[in-house]
Amino acid sequence: MSTTSYTPTPGAGALQPTLPQTVIRPLLRRKTMILSVLLALLLIVSSMILSFYAYVAWTLARPHIDQLTSNPMKASKLAYTNVTFPSLNGNSELEGWFIPSADATKTVIFSHGYGGNREEIWVPLYKLASKLHEQKYNVLMFDYGYVKPYNNRLMTGGIQESQELLGAVDYVKKTTGGAIYIWGFSMGAGTALQSALQNNTDIAGMILDSTFLLNPDTLYHNIVQIAQIPKYPSLPLIRFFFPILNGVSLHEVPYQKVASTSYSMPIFFIHGTADKKAPYDLVESLYKQQHNTGSELWILPQAEHELLYRAEPRTYVNRTLSFLNSLGHPPINVHTASGIPSSL
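Residues numbered from 1 in each chain as written. Predicted model: local features only at pLDDT ≥ 70, side-chain atom pairs only at ≥ 80, totals over all residues. Heavy atoms only, no water.

What about the packing of aromatic side chains?
Put simply, the test is: Pairing of aromatic rings covers Phe, Tyr and Trp, the last through its six-membered ring, and needs centres within 6.5 Å; plane angles under 30 degrees mean stacked, over 60 mean edge-to-face, and all others mean tilted. What counts as a helix is a DSSP run of H or I of at least four residues, what counts as a strand is a run of E of at least two, and both are numbered from the N terminus. Accessible area is worked out with a 1.4 Å probe on protein chains only. A residue is then buried under 20% of its type maximum, exposed over 50%, and partly exposed in between. By the criterion adopted, a ring carries a charge over it if an Arg CZ or a Lys NZ lies within 6 Å of its centre and within 35 degrees of its normal.
Taken as a whole and assessed by the stated rule, the structure comprises 16 aromatic pairs. A ring pair is formed by F52 and Y53, whose centres lie 5.2 Å apart and whose planes are at 65°; its orientation type is edge-to-face. Aromatic pair W183 and Y316: ring centres 6.3 Å apart, planes at 20°, arrangement stacked. In this pair, W183 sits in strand β5 (residues 179-185) while Y316 sits in helix α11 (residues 313-325), placing the two residues 133 residues apart along the sequence. Like W183, the residue Y316 is buried in the burial classification. Here a set of aromatic residues connected by ring pairs shows up, and it is made of F110, W183, F185, W298, Y309 and Y316. Over the ring of W97 we find R118, and its NZ or CZ is 4.5 Å from the ring centre.

Quick notes on the nonpolar core
For clarity, the threshold we go by: Here, nonpolar core means buried Ala, Val, Leu, Ile, Met, Phe, Trp, Tyr and Cys residues that are tied together by side-chain atoms lying within 4.5 Å of each other.
In this structure, I109 and M206 are the most contacted members of the largest nonpolar core, which totals 58 residues. Counting residues in each nonpolar core, the second largest holds 32 residues, with I99, Y126, L308 and Y309 among its members.

Quick word on the pattern of salt bridges
A side chain of one charge can pair with a side chain of the opposite charge if their charged atoms are brought near each other. We count it as follows: Every case where a carboxyl oxygen of Asp or Glu lies within 4 Å of a side-chain nitrogen of Lys or Arg is listed as a salt bridge.
One pass over the full model with this rule turns up seven salt bridges. R319 is the partner of E296 in a salt bridge, and the nearest nitrogen-oxygen pair spans 3.8 Å. Residue E296 is located in strand β8 (residues 296-300), and its partner R319 is located in helix α11; the two are separated by 23 residues in the primary sequence.

A word on the side chain of T156
What counts is decided by this rule: Counting of polar contacts relies on pairs of N or O atoms within 3.5 Å, with two restrictions inside protein: one atom must be capable of donating a hydrogen and the other of accepting it, and residues adjacent in sequence are counted only when both atoms are side-chain atoms.
Mapped onto the elements, T156 comes out in the loop between β4 (137-143) and α4 (159-175). Separated by 3.3 Å, the side chain of T156 and the backbone nitrogen of I159 make a polar contact.

Quick word on the sheet that holds β8
Convention followed: Strand pairing is assigned whenever DSSP identifies at least 2 bridges connecting the two strands. Between N-to-C directions, angles span 0 to 180 degrees; the directions come from axes that are lines fitted to C-alpha atoms, helices contributing only their stretch in contact.
Reading across the sheet, the eight strands line up as β1-β2-β4-β3-β5-β6-β7-β8 and stay open at both edges, with mixed pairing between neighbours. Looking at which strands have only one partner, the edges of the open sheet turn out to be β1 (81-86) and β8. Each strand of the sheet is rotated relative to its neighbour by a mean of 20°, with strand direction disregarded. Both strand β7 (residues 267-272) and β8 contribute to a ladder of five bridges, which runs parallel.

Concerning α4
Rule in force here: Take the number of residues in a helix, subtract one, and multiply by 1.5 Å to get its expected span.
Along its 17 residues, α4 runs 25 Å from first to last C-alpha, staying within 8% of the 24 Å computed at 1.5 Å per residue. Turning to α4, its buried residues number three or more, namely Q160, E161, S162, Q163, E164, L165, L166, G167, A168, V169 and V172. Just beyond α4, the residue with positive phi is G177, at close to 75°.

Thoughts on the packing of helix α3 (residues 125-134) against α11
Relative placement of two packed helices is described by the angle separating their axes and the distance separating the axes. Short version of the rule: In this scheme, roughly parallel covers angles under 35 degrees and roughly antiparallel covers those over 145, while 65 to 115 is roughly perpendicular and the rest are oblique. In this scheme the crossing of two helices becomes right-handed for a clockwise turn of the near helix relative to the far one and left-handed for an anticlockwise turn of less than a right angle. Residues are treated as being in contact if the distance between any of their heavy atoms lies within 4.5 Å. The residue classification treats Ala, Val, Leu, Ile, Met, Phe, Trp, Tyr, Cys and Pro as nonpolar and Asp, Glu, Lys and Arg as charged. All others, Gly included, are polar.
Two elements in contact, α3 and α11, have axes whose closest approach is 11 Å; the angle formed by their N-to-C orientations is 45°. As summarised for this structure, α3 and α11 are arranged oblique, according to the angle between their axes. Our pair here, α3 against α11, has a crossing hand that is right-handed. Judged by residue contacts, L128, K131 and L132 of α3 engage Y316, V317, L321 and L324 from α11. The class makeup of the residues in the contact of α3 with α11 is six nonpolar, no polar and one charged.

So, the confidence of the model for the protein
Applied cut-off: Summary of the metric used: pLDDT quantifies the predictor's per-residue confidence within the range 0 to 100.
For the protein, per-residue confidence averages 89 on the pLDDT scale, and 88% of positions sit at 70 or higher. Below pLDDT 50 for its whole length, residues 330-344 participates in 26 contacts with residues either more than four positions away or in separate chains.

Brief notes about the packing of α4 against helix α5 (residues 187-198)
Direction vectors running N to C along α4 and α5 enclose 70°, while the axes themselves pass 8 Å from each other. When the axes of α4 and α5 are compared, the pair comes out roughly perpendicular. Remark: the crossing between α4 and α5 carries right-handed chirality. Between α4 and α5, the residues in contact are I159, E161, S162, Q163, L165 and L166 and T191, A192, Q194, S195 and Q198, respectively. Residues belonging to the contact of α4 with α5 are distributed by class as follows: four nonpolar, six polar and one charged.

What follows is the structure in structure tokens.
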């Protein structure tokens, strides 16, 4: 009988040949290393992005401020007194110059803008102070608290600044009396609007030049002038880091209330169509909310931010002083939250 040899063939359940461990382990180590490198790169890039937005939030509250270069006597032969006064809430001490005018019963308080000081280098405040002095107005020029580094005060978008401006109003009210007007520039104009929300009885009128209000849209509008970054998540991240680094939230800026309020006092809004820091349509919208018949709006074609005086010096002086001089009587209060006229 013949015999045949049988060689089994591997079936479905038979063990498949596997790579030796000497090959598998290096592959796993390489894969792990690649994933680790990618994760590290992701963390580095994320950290850089977050650090960038944190830096923007940090610098926003700490603008560079130039030193004072002169004073009213040197610049315009105006006698003045160095004054100090507290903010209305007592959280900061302010320094300034009070320029009296003989027999004056009215005072103009200059409210300077972001990154400026009481001299407001973009606007010839000494010249304006001289014109006001000739027209029998006292003038108060002062620095907001964040101007002086030793004050340990940061820029807050008008939150604390409005308390400081109200401190200036209170100082004039207690020391000089008479009608008080605010002449604000850029963020100093936006601060004036925030102050008037809190005190609409002691402020007889306002001139607001290049009004800047730190709302989300305006903040982003300024950021993209420096870096072309997307609105989201850029804006939320900056607003997220701001209170962490600076101790105050930009959500506290009452921009919505400002934008919807009809103020009791007359306001003269002045703005330029070429303003790259504060779009003029915001001011047009603010003006439309006003019911006081003494309020005015002047839009200068092609004029830039805070350069409105330079665009038309003579007209600027004539129109602003004419506005102030027209406020010889208490303003008519036609403001309520619903827009229905009411009397004082």
